[in-house]
Amino acid sequence: MIPALMPTYNRADLAFERGEGASLWTEDGRRFLDFGAGIATTSLGHAHPHLTQVIAEQAGRVMHVSNLYRVPQAERLAARHVAASFADSVFFCNSGAEANEGMVKAVRKYHAENGHPERFHMICFEGAFHGRTLAMLSATGNEKYLAGFGPPVEGFSHVPFGNMNAVRDAIGPATAGIMIEPIQGEGGVRPADLRFLKELRAVCDEYGLLLALDEVQTGMGRSGKLWAHQWAGIEPDVMSSAKGIGGGFPLGAVLAKEHVAKHLKPGTHGTTYGGGPLACAAGNAVLDVVLAPGFLDGVDRVARNLWRGLLGLADRHASVVDGVQGAGLLVGLKLKPAVANTELQAAAVREGLLTVAAGMNVLRVAPPLIITDAEVAEAIACLDRALAALTPKAA
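Each value, and the rule that gives it
Residues numbered from 1 in each chain as written. Predicted model: local features only at pLDDT ≥ 70, side-chain atom pairs only at ≥ 80, totals over all residues. Heavy atoms only, no water. Patch = residues over 30% accessible without salt bridge, like charges linked within 9 Å, V, L, I, M, F, W, Y side chains within 5 Å. Areas by Shrake-Rupley, 256 points an atom, 1.4 Å probe, with all protein chains shown as cover. Salt bridge = Lys/Arg side-chain N within 4 Å of Asp/Glu carboxyl O. Helix = DSSP H or I, 4+ residues; strand = E, 2+ residues; numbered from the N terminus. Buried < 20%, exposed > 50% of the residue type's maximum accessible area, 1.4 Å probe, protein only. Contact = heavy atoms within 4.5 Å. Arc of directions from axis to C-beta. Phe/Tyr/Trp six-rings, centres within 6.5 Å; stacked < 30°, edge-to-face > 60°. Polar contact = N/O pair within 3.5 Å; in protein donor to acceptor, adjacent residues only side chain to side chain. Core = buried A, V, L, I, M, F, W, Y, C linked by side-chain atoms within 4.5 Å.

1. Structural notes on a nonpolar patch on the surface
Item 1. Side chains of Leu134, Phe149 and Val153 sit close together on the surface and give an oily, nonpolar patch of about 290 Å² of accessible area.
Item 2. The topology assignment puts Phe149 in the loop between helix H6 (143-146) and strand E6 (156-159).
Item 3. For Phe149, a relative accessible area of 52% gives the class exposed.

2. Some thoughts on the environment of Ala176
Item 1. Along the chain, the position of Ala176 falls in strand E7 (residues 175-180).
Item 2. Looking at Ala176, the relative accessible area reads 0%, which means it is buried.
Item 3. Through-space distance from the C-alpha of Ala176 to that of Ser319 is 45 Å; in sequence the pair is 143 residues apart.
Item 4. What Ala176 contacts, discounting residues up to four positions off in sequence, is Val107, His111, Arg119, Phe120, His121, Leu209 and Leu210.

3. Some details on helix H2 (residues 49-59)
Item 1. For H2, the set of buried residues is Leu51, Val54 and Gln58. The buried residues of H2 occupy an angular sector of 70° when the element is viewed end-on, so they sit on one face. Away from the buried face of H2 by more than 90 degrees, exposed residues Pro49 and Ala56 are located.

4. Some thoughts on the packing of aromatic side chains
Item 1. Under the criterion given, the structure shown has 4 aromatic pairs.
Item 2. Arranged with centres 6.0 Å apart and planes meeting at 80°, the rings of Phe16 and Phe32 form a pair that is edge-to-face. Of this pair, Phe16 sits in strand E1 (residues 16-20) while Phe32 sits in strand E3 (residues 31-34), and the two are 16 residues apart along the sequence.
Item 3. Accessibility expressed as a relative area gives 34% for Phe16, which makes it partly exposed.
Item 4. Residue class for Phe32 comes out buried when judged on its relative accessible area of 2%.

5. What to know about the side chain of Gln217
Item 1. Among the secondary structure elements, Gln217 is positioned in the loop between strand E10 (210-214) and strand E11 (238-241).
Item 2. On the basis of relative accessible area, Gln217 is assigned to the buried category, the value being 9%.
Item 3. A distance of 2.8 Å separates polar atoms of two side chains, one belonging to Gln217 and the other to Arg364.
Item 4. Not counting residues within four places of it along the chain, the set of residues in contact with Gln217 comprises Ala40, Gly185, Glu186, Arg222, Lys243, Leu330 and Arg364.

6. Some words on the nonpolar core
Item 1. Counting 85 residues, the largest nonpolar core has Ile178 and Leu200 as the members making the most contacts within it.
Item 2. Not counting the four nearest positions on each side in its chain, Leu200 is found in contact with Phe125, Met164, Val167, Ile178, Ile180 and Leu211.
Item 3. Val104, Met179, Leu210 and Ala212 belong to the second largest nonpolar core, which has 22 residues in total.

As structure tokens, this is what we get:
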């Protein structure tokens, strides 16, 4: 018999009863250090006192009213994001895939409203992951994810990640924009070269294209800056966000400059749940913490400490680890073919550490932004023991 909960996931046999900070406890009392953060989502860790208090207080007042009415919590959250970013206007939704759908619609609408409805095609990149809706599966381009769901949605092509010549060759009369993750999370924790991001901005300006950044996983402080593209000193035309923006509460957003946002008028896009009082209260609570003086500097400092620890592991376990890649608190151990990342993930669980597998045989490490140096040291020690257990005896 099929289980009552549809079997769309290969779930680990772990159920967590409670959490605090970067720690989770199972129902039988085992403690795990959480360096997966719900796939880079619980940005403030578990049971953060400010976040949980704000959510509880808002839930006791009003949870949902729909977008038929003003939502002051959304208005305040949008104004704060505009003040802290490139954007002039924000649309709130529920998830990363939904934010990416909205972002692509905004790009297409921009060109249609400017007299070029034929420009609807997005250049995407090999190794990308943009979500599980039909259109975002097509933007992702992974044949494994597309299998069985009919023909791909029209309007997406894929070029090698980081290849500027391929980008230029792909531009044609129907091209509307370029869509890229500053760091490919699911695709193997691969950061785009900062020079490449600058060149993408320049080529978009040259050809009248829109630069659309998917910062669902990389944004909200995970790179050590509020948004990962800030390291390159560029600004997109439109950007998606989700995951850490709500600290674990479902929330997504499309942030855009005025020349893009002004075309999404009433009736062109919408959502029932998106931008509700409860979700936006959570989003404001996250900003209270992340925008506090010195917080992002602390994220950057601890992230560099984690990076040094992972480099040390790569040196000590050279027969298993091929290298370290990523940026900020979205980093990974690239493993040699002899050891699968799922094997290391399971070995880390046996040592009390939670991580996330990624593409290209990479073990992804994406802890909450509030981790300490002591927790970094504990995680490195866990990985050290896990790697030792998997090291071939000949080595």
